[in-house]
Amino acid sequence: MRIHVVQKGDTLWKISKKYGVDFEELKSVNSQLSNPDMIMPGMKIKVPQGKKQVKKEAQKKEAPKKEMPKKEAPKKEAPKKRSS
């Protein structure tokens, strides 16, 4: 058994799909919910062990930056002094 802390936008249906658990089983395990359709962020939901691997929210990895060949900036010549 694991615990899921409800986040904004979560529903029991989404939680059941995320953990690969039958929706009705998830509802029955969480008998403490007076209304399973009304879950709020911060609530703790009991999640029985599912059949499929849990999708862990991996940190977004940035694509490796490719080294661009460095171009030399054109050299600025010092302004020529005018002779009078």
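The notes below deal with the structure included here. Within each chain, residues carry numbers counting from 1 in the order of the written sequence. The predicted nature of this model means local features are confined to residues of pLDDT at least 70 and side-chain atom pairs, given and counted, to a pLDDT of 80 or more, with totals for whole chains, interfaces and linings taken over all residues. Derived side-chain values reflect all non-hydrogen atoms in the structure, with water molecules and hydrogen atoms excluded from consideration.

## Observations regarding the overall build of the protein chain
Part 1 of the argument: Numbering of helices and strands starts at the N terminus; helices are DSSP runs of H or I of at least 4 residues and strands are runs of E of at least 2. Secondary structure assignment for the protein chain yields two helices and two strands.
Part 2 of the argument: Along its sequence from the N terminus, the protein chain presents helices and strands in the succession β-α-α-β.
Part 3 of the argument: Every one of the 84 residues in the protein chain was classed for burial, and the buried ones make up 18%.
Part 4 of the argument: Note on areas: Shrake-Rupley, 1.4 Å probe, and residue coverage restricted to the protein chains presented here. Split by element, the accessible area of the protein chain, about 8300 Å² in all, is 53% carbon and sulfur. Summary of the burial criterion: residues with accessible area below 20% of their type's maximum are buried, those above 50% are exposed, and those between are partly exposed, where the area comes from a 1.4 Å probe applied to protein chains only.

## Some details on the side chain of Ser16
Part 1 of the argument: With respect to the helices and strands, the residue Ser16 is situated in helix α1 (residues 12-19).
Part 2 of the argument: Ignoring sequence-local partners within four residues, the contact set of Ser16 consists of Val21, Asp22, Phe23 and Leu26. Note on contacts: a residue pair is in contact if any heavy atoms of the two residues lie within 4.5 Å.

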